[in-house]
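Residue-level listing of the chains:
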Amino acid sequence: MVNRGNRATKAGFGEGLLEAGLRNTQVVCLGADITTSVGCNLFAEAFPNRFISLGIAEQNCMGVAAGLALEGKIPVFSTYGVFAALRTTDQVRVSVCYNNVHVVIGGAHAGVSVGPDGATHQALEDIAMMRVLPNMTVLSPCDATQARLAAIAAIEQCKGPVYIRFGREAMPDFSTADMGFEIGKSQLLRPGNDLAIIATGHMVWEAMQAAGILASGGIDARVINMHTIKPVDKDSILNAARETGAIVTAEEHQVTGGLGSAVAEVVVQHHPVPMAFVGMPDRFGESGDPRQLMEKFGMTAEAIAEAGRKLLARRFAL
Amino acid sequence: MHSRQTTNPEELREIAIRIRKSVVASLAEAGSGHLGGSLGLADIFTALYFSVLTHDPSHPGSPGRDRVILSIGHVAPVLYATLAHSGYFPVEELATLRKLGSRLQGHPGRDHGLPGLELSAGSLGQGLSVAVGMALAAKMDHKPHRIFSIHGDGELQEGSIWEAAMSAAHHRLDNLTAIVDRNGLQIDGRTEDVMNLEPLPEKWSAFGWEVIECDGNNMEAILNAFAKAEAVKNKPSVIIARTIMGKGIRSIEGDYRWHGKVPAKEQVGDFTRELDETVDN
Ligand SMILES: [Mg+2]
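Keep in mind that what you see is a predicted model, and the values were worked out from it rather than measured. (Residues numbered from 1 in each chain as written. Chains lettered and ligands numbered in written order. Predicted model: local features only at pLDDT ≥ 70, side-chain atom pairs only at ≥ 80, totals over all residues. Heavy atoms only, no water.)

K.L.:
Where do I start with empty space enclosed by the protein in this structure?
P.N.:
Residue and element names in this part refer to chain A. Considering all chains together, one arrives at four cavities of 30 Å³ or more under this definition. Volume-wise, the largest cavity comes out at about 80 Å³. Lining the largest cavity are Thr 9, Ala 110, Ser 140, Pro 141, Arg 165, Phe 166, Gly 167, Thr 200, Gly 201, His 202 and Glu 252. Grouping the amino acids of the lining of the largest cavity by side-chain chemistry returns three nonpolar, six polar and two charged. Formed jointly, the lining of the largest cavity draws a minimum of three residues from each of two domains, domain 1 (6-172) and domain 2 (187-317). (1 Å grid on protein atoms, 1.4 Å probe; cavity = no way out; pocket = protein on both sides within 12 Å on 5 of 7 lines; lining within 4 Å. Points joined across faces, edges and corners; volume = space filled by probe spheres on them. Nonpolar A, V, L, I, M, F, W, Y, C, P; charged D, E, K, R; others polar. Domains from an automatic or database assignment.)

Rendered as structure tokens:
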């Protein structure tokens, strides 16, 4: 996989939203004052009559989205993940999920790579919160190219509530459109049978680099892009457990409740193998340069590779 | 689509008594639920479903229907009794309220397939936002149907109500009418002791709404308020309906302890007699 240049995943989300909006006039977009910052400016400019400004009032936005969806519209409400998934959790639970309506929720500013804005704006608990809700689908594309496909899939294929997570910073854009995007079907990016790295979002690129580092030490790591957290791809997880016997998960999210937990829930029930979790170690983020923060909190290729080496050492010591 | 079934207040009052009797019976059978608010709202529900709404109980989802959003899901018994008496489903089904497998969930749940139910709701402060979304959709599609949302006065302490109120006025949603059940009571006691709401009409007015006040247990006054609301242009309207919790059963009227209480089965006879004795409203 080659980095064709860094791009923010939110840009891909915005392109997908625009494309789906061109194809279907029922698609509408809600704005909570940060329209450009969350990738909705292209849509708002192209379809001013289908862009509804609601101000800094996320709880209301979520309920309005439910009402629009009940009437057959396909509302897309994108805001920072901390607000989309946490401030409005009760509206998402009752008005959206319990009514099981097709609301597309965009969760921007995922992870510590948000950078200088600091802890309040770095979404690190959103996957946990969204995946626990019945009827919800949770998507976490790996780069801008995939974010475009994920947005289109969320709008055109989902029938119920869907949460799409994406980041703020320009990050390596390496996936290709011809890889496709099927909800619930993970992507095998690198074969390997010594160890499996199951990653999501920005950490997929890091996982690919980690596999390179491990290969130079003679460890052949499989890399799986788990772009759908819910429904999680049980088959690929169990194949990885059976065929490699050791799994490292990597996510820009708390190590509790997110991808790691979703994978572990499958593994421990059906084919227990040693696991290691790379992610935020149960603490808040802070201000800093995105790369510095990912290094400080251990969400880099080197950290994944190190977790893999330790995991294999532990496994063979068993 | 049939609408404006009757405008005769006398006839509507009789229907309201039948609905109240069903509310009492279904709650006694359920053994738990909210009697006080359900009885207080019976006249408003009767006016809506038997006079004001454009709807067709034999075609519950027809696109041209007016929508009723019950934000305060805990008064589901009066919604269910009204839907049943309107013909959405058999009145006998009211006896299944709150029981396992029933379409009549303790708080309304659309996943159980009850005809005529617009929204799963029960967590306070959310229904007005959903109603705003429905009203926006109708405006975007140039559809003439109207949206009614029903709220408690205690519910107005939720901040999200005021977010929604601001947005309805901003988008000039004159197809939206909110109804506030102003019974002055909530679980902990009088609203003015728990958390003061006044000056309530001025608050709505300052948020850009047309405010209509009425006696919510007087059929003529209710019909008059709905007529005024329909005539409002370029802004949403709110009917602040003064009601009496437990209305129709003299021995419990105005007693906040009946907010979340139900009659024992042995009390149903007495309560039904009291409802029959209600000469006028
Ligand atoms: Mg009250």
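Read on for the rest.
K.L.:
Before we go on, may I ask you to explain the sheet that holds strand β11 (residues 221-225) of chain A in this structure?
P.N.:
Note: strands within a sheet are paired through backbone hydrogen bonds, in either parallel or antiparallel orientation. Residues and elements named next belong to chain A. If you walk across this open sheet you meet the five strands as β9-β11-β10-β13-β14, and the pairing is mixed. Every other strand in the sheet has two partners, leaving β9 (187-190) and β14 (275-280) as the edge strands with one partner each. Strand-to-strand, the axes of this sheet are offset by a mean angle of 25°, without reference to chain direction. Sheet topology places β9 next to β11; three bridges connect them, and they run antiparallel. Counted as the bridge partner of Gln 187 is Asn 225 from β11. Contacting β10 (195-199), β13 (247-254) and β14, helix α10 (residues 259-270) runs over the sheet at an angle of about 145° to β13. Strands in contact with helix α12 (residues 301-317) are β10, β13 and β14; relative to β14, the strand with the most contacts, it is inclined by about 155°. (Pairing = 2+ DSSP bridges. Helix = DSSP H or I, 4+ residues; strand = E, 2+ residues; numbered from the N terminus. Axes fitted to C-alpha atoms, helices over the stretch in contact; angles between N-to-C directions. Contact = heavy atoms within 4.5 Å.)

K.L.:
How do you make sense of the sheet that holds strand β7 (residues 162-165) of chain A when you look at a structure like this?
P.N.:
Residue and element names in this part refer to chain A. Sheet architecture is open: seven strands sit in the order β3-β2-β4-β5-β7-β6-β12, paired in mixed fashion. In the strand order of this sheet, the two ends are held by β3 (51-53) and β12 (228-230), each with one partner. Neighbour-to-neighbour, the strand axes of the sheet open up by a mean angle of 20°, direction not taken into account. As paired elements, strand β4 (residues 74-80) and strand β5 (residues 104-108) share five bridges and run parallel to each other. The residue of β5 that forms the bridge with Tyr 80 is Ala 108. Contacts between helix α3 (residues 58-70) and the sheet are confined to β2 (27-31), β3, β4 and β5, with β4 contributing the most and set at about 165° to the helix.

K.L.:
Could you clarify how one ought to interpret the coordination of the magnesium ion in this entry?
P.N.:
Reference values for coordination geometry: four tetrahedral donors around a metal ideally subtend 109.5 degrees, six octahedral donors ideally subtend 90 or 180 degrees. Residue and element names in this part refer to chain B. Taken together, the protein ligands of the magnesium ion are Asp 153 (OD), Asn 183 (OD1) and Leu 185 (O), with distances of 2.1 to 2.3 Å. Expressed as a motif, the donor residue spacing for the magnesium ion is D-x29-N-x1-L. Here the residue Asp 153 occupies a position in the loop between β2 (147-152) and α6 (159-170), and Asn 183 occupies one in the loop between β3 (176-182) and β4 (185-186), the gap between them amounting to 30 residues. Residue Asn 183 is classed as buried on the basis of its relative accessible area, which comes to 14%. (Donors = N, O, S within 2.8 Å, 3.2 Å for Na, K, Ca; no water. Buried < 20%, exposed > 50% of the residue type's maximum accessible area, 1.4 Å probe, protein only.)

K.L.:
So what exactly am I meant to see when it comes to the interface of chain B and chain A here?
P.N.:
Size of an interface: often given as the accessible area lost when the parts come together. Taken together, the 28 residues of chain B in the interface contact 24 residues of chain A. For the pair chain B and chain A, the summed buried area comes to about 2100 Å², and 53% of that belongs to carbon and sulfur atoms. Of all residues in chain B, Gln 126, Met 140 and Glu 163 of chain B bury the most surface against chain A, accounting for 28% of the area lost on that side. The interface formed by chain B and chain A holds two salt bridges in total. Measuring nitrogen to oxygen at the nearest pair gives 2.6 Å for the salt bridge that ties Arg 67 of chain B to Glu 71 of chain A. Taken together, the connections running from chain B to chain A amount to 13 residue pairs in polar contact (both at pLDDT 80 or more). Only α5 (127-140) and α6 of chain B provide two or more residues apiece to the side of chain B that touches chain A. (Buried area = accessible area lost by both parts, 1.4 Å probe. Salt bridge = Lys/Arg side-chain N within 4 Å of Asp/Glu carboxyl O. Polar contact = N/O pair within 3.5 Å; in protein donor to acceptor, adjacent residues only side chain to side chain.)

K.L.:
Please explain the domain arrangement of chain A as it appears in this structure.
P.N.:
Residues and elements named next belong to chain A. Segmenting chain A into domains produces domain 1 (6-172) and domain 2 (187-317). Centre-to-centre, using C-alpha coordinates, domain 1 lies 26 Å away from domain 2. Contacts between the two partners involve 35 residues from domain 1 and, on the opposite side, 35 residues from domain 2. Here domain 1 and domain 2 share an interface that buries about 2500 Å² over both sides, 57% of which is from carbon and sulfur atoms. It is Val 112, Leu 124 and Arg 131 that lose the most area in domain 1 upon contact with domain 2, and together they represent 27% of the buried surface on that side. Across the contact surface, domain 1 and domain 2 share one salt bridge. A salt bridge links Glu 265 to Arg 131; its shortest N-O distance comes to 2.7 Å. Scanning the region where domain 1 abuts domain 2 turns up 22 residue pairs in polar contact (both at pLDDT 80 or more). Those elements that place two or more of their residues in the side of domain 1 that touches domain 2 are α6 (126-131), β6 (137-139) and β8 (170-172). A class-by-class count of the residues in the side of domain 1 that touches domain 2 yields 18 nonpolar, eleven polar and six charged.

K.L.:
Even after reading the chapter, I still don't get unusual backbone geometry, so can you show me in this structure?
P.N.:
Working note: non-glycine residues mostly have negative phi, and peptide bonds are mostly trans. At the junction of Lys 230 of chain A and Pro 231 of chain A, the peptide bond is cis and its omega measures out at 0° in the coordinates. Along the chain, Pro 231 of chain A falls in the loop between β12 and α9 (234-244). Of note, the amide linkage connecting Glu 198 of chain B to Pro 199 of chain B takes the cis form, showing an omega dihedral of 0°. By the element assignment, Pro 199 of chain B lies in the loop between α7 (191-194) and α8 (200-206). Backbone geometry places Asp 282 of chain A, a non-glycine residue, at a positive phi of 55°. Structurally, the position occupied by Asp 282 of chain A is in the loop between β14 and α11 (290-296).

K.L.:
Whenever I open this one, the pattern of salt bridges confuses me. Can you help?
P.N.:
Side chains bearing opposite charge may pair, as long as their charged atoms lie close to each other. Residue and element names in this part refer to chain B. Within this structure, the stated rule accounts for 34 salt bridges over all chains. Between Arg 20 and Asp 43 there is a salt bridge whose closest N-O contact spans 2.7 Å. On the criterion of sequence distance, the pair formed by Arg 20 in helix α1 (residues 9-30) and Asp 43 in helix α3 (residues 42-52) is long-range, its members being 23 residues apart. Of the residues examined, Arg 20 reaches a relative accessible area of 5% and is grouped as buried. When the shortest N-O distance is used, the salt bridge between Lys 265 and Glu 29 registers 3.9 Å. Note that Lys 265 is positioned in the loop between β7 (237-242) and α10 (268-277) and Glu 29 in helix α1, a separation of 236 residues in sequence. Given a relative accessible area of 34%, Glu 29 falls into the partly exposed group. One network of salt bridges, in which partners are shared, links Asp 153, Arg 182, Glu 192 and Glu 198.

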